[in-house]
2 protein chains.
Amino acid sequence: MSFTLANLPYGIFRHENDHPRAGVALHDRVVDLTSLELPGDFAHPTLNPFMAQGPQIWKATRARLKELLANGPAGTHYALGEVEMLLPFQVGDYVDFYSSREHATNVGTMFRGADNALNPNWLHIPIGYHGRASSIVVSGHPVKRPSGQLKPGEEPPTFGACKNLDFELEMAFVVGQATAVGEVVPIEKAEEHIFGVVILNDWSARDIQKWEYVPLGPFLGKSFATSISPWVVPLEALEPFRVAGPGQDPRPLPYLQQTRPGNFDVQLEVMLNETVICRSNMRYLYWSMAQQLAHLSSNGSALRVGDLCASGTISGPSKEERGSLLELSWGGKEPLRLNDGSERKFLLDGDTLTMRAWAGEGEARVDFGQVTGTISAA
Amino acid sequence: MSFTLANLPYGIFRHENDHPRAGVALHDRVVDLTSLELPGDFAHPTLNPFMAQGPQIWKATRARLKELLANGPAGTHYALGEVEMLLPFQVGDYVDFYSSREHATNVGTMFRGADNALNPNWLHIPIGYHGRASSIVVSGHPVKRPSGQLKPGEEPPTFGACKNLDFELEMAFVVGQATAVGEVVPIEKAEEHIFGVVILNDWSARDIQKWEYVPLGPFLGKSFATSISPWVVPLEALEPFRVAGPGQDPRPLPYLQQTRPGNFDVQLEVMLNETVICRSNMRYLYWSMAQQLAHLSSNGSALRVGDLCASGTISGPSKEERGSLLELSWGGKEPLRLNDGSERKFLLDGDTLTMRAWAGEGEARVDFGQVTGTISAA
């Protein structure tokens, strides 16, 4: 893994027994941000105070870092392998959107048939729901197989270990600028509230979810763990990769109409143990991050620094671009064959699932690093 | 309003321009807890640090307060009318359950007919979902009518001010003892994690909710505002009012089986402007607070100090015990007549909605005070 000067993602690290502190990644090093003189406030064990300073300070800090680090790591710095990466920010509210048309269509086809795959509201609303902020963990945190109520057939439900444990390939943005209750963010200002982006694995217990989710949505099928990558890539670093998203028909309501392209060309890859099982791209998202945030704020719902908004599973048009095992194995009907010859419908204890994301090449490359997790027994 | 020595609820108040601080209510006074020597830690503008000290300190602090305040307010104290009450704790995750059988049956009957009123999972699972923590406000905070996508008929959706603004009468408990990701709380220990109880108004935009909620649950129809009463009544104060809840058939799965009564006889009342429109009781809840917490924790989901868990609308068996306008006006078909001769299907701008809750009488009375809010225009 190597981070370019074009990237400069922020994280929170711990070196040996020192206090956790903020760092920026460059090449294979983490630079201690408390060792440099910067406009941003990094004297804390989370990025929240820096994010709360707002877009002008983000921009000024990034510009100054580009000067200070132009010739390589400066100030105090450590090899990435020497430090432990921690959760980069304190999460406020966590929202999980459902913004990939291909994913919603695949799941809808399996559950309701091809003719009723998309719900009537899906093409009008960036559908989302609130998830559990307390269960967000950083890459590397073990993921314990959850137990819950299961009801696979006509028999009464039983309580036991989840049998259909899945991942969901997602990207997520973190809010860096707050709003008060009752304040509405217009779409043209939505991106000003976005500090940066991480990779997110929305671990899913499909059997628990299936029995519980009507009518109030997913709850314990999701809330046992959600993993994020430790490096927050500033939205500014993604500017060279801005692209138009899929065409939107019907045309969204005015509060969701974008005046410029709102998607980003970020390549995604999922590995199950040693096998690449999915390649996708963030550009496939039907609803952009700006649309998601404008929708979230449209009723006057307060935004807080540290709010995390995930995209929903990012599936693409082809079969190998499906971003969950539910889709890849088509509900367990078409098991996946891994490089070691074994088969998977869903995740087994001991399985390691790793997601990677990056944009561009060479000196222009912006790498998100990875989010990984290993399943431990219930 | 008068608070007895049997009650001693905690809150955060501000007197004139002083810093916010913790107080306890007695008679018509608020006693500044920083002016007394106590086992609990009150040197903060939220109750979270005190709650985090755990049940033994809660118990010791309450016992000491009963001694110190046996002859009336002591230390520094102010008239309740002299102080401003603030949000009593920093909210972690906010969960809204759906635990009243009468409410679920009423709503289900309106939406799906009497034969399919309860979903198949309802009698097995304390159904719930995550709401938005950032939008929780204290009693008195104005509630702005939200805007959102509306689709009342066959025409495409439009964006505009909510027309079907409603309240939901709920009680909520706040978690005072945390758990780590992966840790499960057995039901017999569930109440040890509950610090206290407040009244909660789950303001609901029925038209926004109706169009958005399939398949991932309520989102913007709820997240614009949720109001709570400012005084947190310790669970210990409710002990004399412990009663058995409704019989549960089918018998819950073992992880939800209680070894002692888990409900509380707390009277509830809702006023719309000057008219009492609902009287209900917390004892009607089918799923108890202990069952809700045990369910929430059953998948290893982390609990944090300040997590807020609401009951869902508490409706009773009779018509005047229905805890929302949706039920009271039966979906708008049977408008309510108020004392001033006006009618209501849903809330109008300028309407003030007030909920009260109390248990017992005289010196044994435990009063929750009230949660009130006035609707302002979109």
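What comes next concerns the included structure.

Conventions adopted
- By convention here, each chain's residues receive numbers from 1 onward along its written sequence.
- Going through the entries in the order they are written, you letter the chains from A and number the ligands from 1.
- Totals for whole chains, interfaces and linings use all residues, but because this is a predicted model, local features are given only for residues with pLDDT of at least 70 and pairs of side-chain atoms are given and counted only at 80 or more.
- Note that water and hydrogens are dropped before the side-chain values are worked out from all heavy atoms of the structure.
- Strands are runs of DSSP state E lasting at least two residues, helices are runs of H or I lasting at least four, and both sets are numbered from the N terminus onward.
- Put simply, the radius of gyration uses C-alpha atoms, and a globule should come to 2.2 Å times the residue count raised to 0.38.
- For every residue, the accessible area obtained with a 1.4 Å probe (protein chains only) is divided by the maximum for its type, and the residue is called buried under 20%, exposed over 50%, and partly exposed between those limits.
- Surface accessibility in these figures is a Shrake-Rupley result with a 1.4 Å probe; residues are shielded only by whichever protein chains are displayed.
- Positive: Lys, Arg. Negative: Asp, Glu. His and the chain ends are not part of the count.
- By convention, charge coordinates are those of NZ in Lys, CZ in Arg, CG in Asp, or CD in Glu.
- Note on contacts: a residue pair qualifies if any of its non-hydrogen atoms lie within 4.5 Å across the two residues.
- By definition, the buried area sums, over both parts, the 1.4 Å-probe accessible area that each loses when the two are put together.
- Within this document, salt bridges are pairs made up of a side-chain nitrogen of Lys or Arg and a carboxyl oxygen of Asp or Glu, the two lying within 4 Å of each other.
- Side-chain atoms alone can form a polar contact between residues adjacent in sequence; in general such a contact is a pair of N or O atoms within 3.5 Å, and within protein one must be able to donate a hydrogen while the other accepts it.
- Gly counts as polar in this scheme, as do all residues outside two lists: the nonpolar Ala, Val, Leu, Ile, Met, Phe, Trp, Tyr, Cys and Pro, and the charged Asp, Glu, Lys and Arg.
- Throughout this description, the term nonpolar core refers to a set of buried Ala, Val, Leu, Ile, Met, Phe, Trp, Tyr and Cys residues connected via side-chain atoms within 4.5 Å.
- Fitting of the copies onto one another was done by least squares over C-alpha atoms, counting residues only where both copies have pLDDT of at least 70.
- Here a strand pair is declared whenever DSSP counts at least two bridges between the two strands.
- When two rings of Phe, Tyr or Trp (its six-membered ring) have centres within 6.5 Å they constitute a pair, described as stacked for plane angles under 30 degrees, edge-to-face for angles over 60, and tilted for the intermediate range.
- Counted as over-ring charges are cases with an Arg CZ or a Lys NZ within 6 Å of the ring centre that also lie within 35 degrees of the ring normal.
- Here an axis means a line fitted to C-alpha atoms, over the contact stretch when the element is a helix, while the angle between two N-to-C directions is reported on a 0 to 180 degree scale.
- Multiplying one less than the number of residues by 1.5 Å gives the expected span of a helix.
- What the arc describes is the spread of directions from the helix axis to the C-beta atoms.

**Structural notes on the overall build of chain A**
Okay, so step 1: Summing up its helical and strand segments, chain A has six helices and 26 strands in all.
Okay, so step 2: Here chain A has a C-alpha radius of gyration of 20 Å; the compact-globule value for 378 residues is 21 Å, and the two agree.
Okay, so step 3: Principal-axis analysis of the C-alpha atoms gives chain A an extent of 65 × 50 × 35 Å.
Okay, so step 4: A buried classification covers 61% of the 378 residues belonging to chain A.
Okay, so step 5: Of the accessible surface of chain A, which amounts to about 13,800 Å², a share of 50% is contributed by carbon and sulfur atoms.
Okay, so step 6: One finds the centroid of the 32 positive side-chain charges in chain A at a distance of 3 Å from the centroid of its 43 negative side-chain charges.

**Points about the interface of chain B and chain A**
Okay, so step 1: Counting from both sides, the interface comprises 56 residues of chain B and, opposite them, 56 residues of chain A.
Okay, so step 2: When chain B packs against chain A, the two sides together hide about 5,100 Å² of surface, and 60% of this comes from carbon and sulfur.
Okay, so step 3: The tally of links between chain B and chain A comes to three salt bridges.
Okay, so step 4: We note a salt bridge from Arg132(A) to Asp307(B), for which the minimum N-O separation is 2.8 Å.
Okay, so step 5: The interface formed by chain B and chain A contains 30 residue pairs in polar contact (both at pLDDT 80 or more).
Okay, so step 6: The element that contributes the greatest number of residues to the side of chain B that touches chain A is strand β7 (residues 128–131) of chain B, accounting for four residues.
Okay, so step 7: Partitioning the side of chain B that touches chain A into residue classes produces 29 nonpolar, 21 polar and six charged.

**Focus: the nonpolar core**
Okay, so step 1: Grouped together as the largest cluster of nonpolar side chains are 152 residues, with contacts concentrated most on Ile277(A) and Ile277(B).
Okay, so step 2: Apart from residues no more than four positions distant in its own chain, Ile277(A) is found in contact with Phe167(A), Val270(A), Leu272(A), Glu320(A), Leu325(A), Leu328(A), Leu336(A), Leu338(A) and Leu353(A).

**Details of the pattern of salt bridges**
Any two side chains of opposite charge can pair, so long as their charged atoms come close to each other.
All names here are of chain A.
Okay, so step 1: Per the stated rule, a full pass over the model turns up 45 salt bridges over all chains.
Okay, so step 2: With its nearest N and O atoms 2.7 Å apart, the salt bridge here joins Glu191 to Arg242. With Glu191 in the loop between β13 (169–175) and β14 (194–201) and Arg242 in strand β18 (residues 242–243), this residue pair connects regions lying 51 residues apart in the sequence.
Okay, so step 3: For Arg242, a relative accessible area of 15% gives the class buried.

**Re the relation of the copies chain B and chain A**
Okay, so step 1: At an RMSD of 0.0 Å, chain B and chain A line up after a rotation of 180 degrees and a shift of 0.0 Å along the axis. When the rotation and shift are considered jointly, the pair of chain copies conforms to a two-fold rotation axis. For chain B, the minimum C-alpha distance to the rotation axis belongs to Gly217(B) and amounts to 2.1 Å.

**Observations concerning the environment of Gln149(B)**
Okay, so step 1: The topology assignment puts Gln149(B) in strand β10 (residues 147–150).
Okay, so step 2: Spatially, the C-alpha atoms of Gln149(B) and Trp211(B) are 7.5 Å apart, while their sequence positions differ by 62 residues.
Okay, so step 3: Ignoring sequence-local partners within four residues, the contact set of Gln149(B) consists of His124(A), Ile125(A), Leu253(A), Tyr255(A), Leu256(A), Pro157(B), Thr158(B), Phe159(B), Asp207(B), Ile208(B) and Trp211(B).
Okay, so step 4: Among the polar contacts made by the side chain of Gln149(B), one reaches the side chain of Tyr255(A) at a distance of 3.0 Å.
Okay, so step 5: Looking at Gln149(B), its side chain comes within polar contact range of the side chain of Trp211(B), at 3.0 Å.

**A short note on the pairing of strand β25 (residues 352–359) of chain A**
Residues and elements named next belong to chain A.
Okay, so step 1: Burial analysis of β25 places six of its eight residues in the buried class, which makes it a mostly covered element.
Okay, so step 2: Two strands pair when backbone bridges link them, and strand β20 (residues 267–272) and β25 are joined in this way by six bridges, in the antiparallel orientation. Pairing of Leu272 across the sheet is with Leu353, part of β25.
Okay, so step 3: As paired strands, β25 and strand β26 (residues 366–376) are joined by seven bridges and run antiparallel to one another.

**Let's talk about unusual backbone geometry**
Okay, so step 1: Val214(A) connects to Pro215(A) through a cis peptide bond whose omega is 5 degrees.
Okay, so step 2: Unusually for a residue other than glycine, Leu8(A) sits at a positive phi of about 55 degrees.
Okay, so step 3: Position of Leu8(A) among the secondary structure elements: in the segment before β1 (10–15).
Okay, so step 4: Leu8(A) sits in the buried class, given a relative accessible area of 0%.
Okay, so step 5: The backbone phi angle of Trp330(B) is positive, close to 45 degrees, even though this residue is not glycine.

**Some thoughts on the sheet that holds strand β25 (residues 352–359) of chain B**
All names here are of chain B.
Okay, so step 1: Taken together, five strands build an open sheet; the order of strands is β9-β26-β25-β20-β21 and the sheet is mixed. On the outer flanks of this sheet lie β9 (143–144) and β21 (275–281), each paired with one strand and no other.
Okay, so step 2: Two elements, strand β20 (residues 267–272) and β21, share six bridges in a ladder whose sense is antiparallel. By the bridge assignment, Val270 is partnered in β21 with Cys278.

**A look at the packing of aromatic side chains**
Ring pairs (aromatic) are described by centroid distance and by the angle formed between their planes.
Okay, so step 1: Applying the stated rule across the entire model yields 24 aromatic pairs over all chains.
Okay, so step 2: Taken together, the ring pairs connect Tyr10(A), Phe42(A), Phe50(A), Trp58(A) and Phe195(A) into an aromatic cluster.
Okay, so step 3: Lying across the ring of Trp211(B), Lys151(B) places its NZ or CZ 5.4 Å from the centre.

**Some remarks on the sheet that holds strand β1 (residues 10–15) of chain B**
All names here are of chain B.
Okay, so step 1: Spatially, β4-β3-β2-β1-β5 is the arrangement adopted by the five strands of the open sheet, whose pairing is antiparallel. In this open sheet, the two strands that pair with only one neighbour each are β4 (77–79) and β5 (83–86). On average, adjacent strands in this sheet sit at an angle of 45 degrees to one another, irrespective of strand direction.
Okay, so step 2: Across four bridges, β1 lies against strand β2 (residues 21–26) in antiparallel orientation. Among the inter-strand pairings, Phe13 is bridged to a residue of β2, identified as Arg21.

**Some points on the side chain of Ser229(B)**
All names here are of chain B.
Okay, so step 1: Here Ser229 lies in the loop between β16 (226–228) and β17 (233–234).
Okay, so step 2: Judged by its relative accessible area of 0%, Ser229 falls in the buried class.
Okay, so step 3: The contacts of Ser229, once residues within four sequence positions are left out, are Pro88, Ser139, Val198, Ile199, Phe368, Gln370 and Val371.

**Examining helix α5 (residues 289–297) of chain A**
All names here are of chain A.
Okay, so step 1: For α5, a buried count of nine out of nine residues is recorded, marking the element as mostly surrounded by other parts of the structure.
Okay, so step 2: Among all positions of α5, only Met289, Ala290, Gln291, Gln292, Leu293, Ala294, His295, Leu296 and Ser297 are buried.
Okay, so step 3: Next to the buried residues of α5 lie β6 (94–97), β13, β14, β19 (263–264) and β22 (308–310).

**With respect to helix α2 (residues 55–68) of chain A**
All names here are of chain A.
Okay, so step 1: A rise of 1.5 Å per residue sets the reference length of α2, with its 14 residues, at 20 Å; its end C-alpha atoms lie 20 Å apart and thus fit the reference within 8%.
Okay, so step 2: What α2 keeps buried is the set Trp58, Thr61, Arg62 and Leu65. Projected down its long axis, α2 shows its buried positions confined to an angular sector of 100 degrees, all on one face. Of the exposed residues in α2, the ones pointing more than 90 degrees away from its buried face are Gln56, Lys59 and Glu67.
Okay, so step 3: If you follow the buried residues of α2, they end up packed against β1, β2 (21–26), α1 (48–52), β14 and β17 (233–234).

**Comments concerning the environment of Val197(B)**
Residue and element names in this part refer to chain B.
Okay, so step 1: By secondary structure assignment, the location of Val197 is in strand β14 (residues 194–201).
Okay, so step 2: Taking the C-alpha atoms as reference, Val197 lies 40 Å from Gly153; in sequence the two are 44 residues apart.
Okay, so step 3: Setting aside chain neighbours within four positions, we find Val197 in contact with Met171, Ala172, Phe173, Trp231, Val232, Val233, Leu235, Leu238, Met282, Met289 and Phe368.

**A short note on the side chain of Glu327(B)**
Residue and element names in this part refer to chain B.
Okay, so step 1: Locating Glu327 in the fold gives a position in helix α6 (residues 325–328).
Okay, so step 2: There is no salt bridge for the buried Glu327, and the closest opposite charge comes from Arg322, which lies 5.6 Å off by N-O distance.
Okay, so step 3: A distance of 2.7 Å separates polar atoms of two side chains, one belonging to Glu327 and the other to His103.
Okay, so step 4: A distance of 2.8 Å separates the side chain of Glu327 from the side chain of Asn106, its partner in a polar contact.
Okay, so step 5: In this structure, Glu327 is in contact with Glu102, His103, Asn106, Met110, Thr313, Ser315 and Arg322, ignoring residues within four places of it in sequence.

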